[in-house]
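If you want the building blocks of each chain, they are given just below.
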Amino acid sequence: MVFEKLKNGEAVDMLSEEYGPAVEELNRSSILCWKIGQTEPSVEKIRPLLNELLFNRLPESSYIMPPVQIDFGMQMSIAENVFINHSLTLMSAGGIEIGEGSQIGPQVTMVTTNHDFNHRNVLNCRGIKIGKNVWIGARVTIMPGETVGDN
């Protein structure tokens, strides 16, 4: 399956038939991020949309403030007691894990994707792992393959 290949760092051609489900997930996530951005900013109205985006894997104790741009909601994992401030951008095809008790400041970007320099339609992904009790400040950019350790 294409999502496992992306998480495992295997090369995936974006023009291949194999990539079709990834395009569907990109479209699904994009529509949900747009809906989140157009919804009155109340937890009661935003949480159901965030849960749909993340396949009902957002713990009740965690929250993401809108607006948000996540391209592969199914490739995300967010633990308990995580707070993410507004304007988050995640290119999460390669998988992003955010550990318990972490806080992420506004306008943070995490990128798991890169392209083959000789074949620019080929994706090479490397996941990102954020440990427990991590504080990521405003406007930080985390690139493919990085791990931020606990505390």
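For the structure itself, consult the block above.
This one's a predicted model, so the numbers in the text were calculated from it and none came from an experiment.

A few words now on the pattern of salt bridges. Evaluation of the coordinates by the stated rule reveals four salt bridges. The salt bridge partner of Lys5 is Glu18, with a shortest N-O separation of 2.9 Å. Of this pair, Lys5 sits in helix α1 (residues 2-7) while Glu18 is found in the loop between β1 (12-13) and α2 (20-38), placing the two residues 13 residues apart along the sequence. Its relative accessible area of 23% is what places Lys5 among the partly exposed residues.

This part takes up the packing of aromatic side chains. For any pair of aromatic rings, the description rests on two quantities: the centre-to-centre distance and the angle between the ring planes. Summed over the entire model, instances satisfying the criterion amount to one aromatic pair. Considering the side-chain rings of Phe3 and Phe72, the 6.3 Å spacing of their centres and the 70° angle between planes classify their relative orientation as edge-to-face. Residue Phe3 is located in helix α1, and its partner Phe72 is located in the loop between β3 (68-70) and β4 (76-78); the two are separated by 69 residues in the primary sequence. Phe72 matches Phe3 in its accessibility class, with the two residues each being buried.

What counts and how
- Residues numbered from 1 in each chain as written.
- Predicted model: local features only at pLDDT ≥ 70, side-chain atom pairs only at ≥ 80, totals over all residues.
- Heavy atoms only, no water.
- Salt bridge = Lys/Arg side-chain N within 4 Å of Asp/Glu carboxyl O.
- Helix = DSSP H or I, 4+ residues; strand = E, 2+ residues; numbered from the N terminus.
- Buried < 20%, exposed > 50% of the residue type's maximum accessible area, 1.4 Å probe, protein only.
- Phe/Tyr/Trp six-rings, centres within 6.5 Å; stacked < 30°, edge-to-face > 60°.

Purely geometric numbers; function is a separate question.
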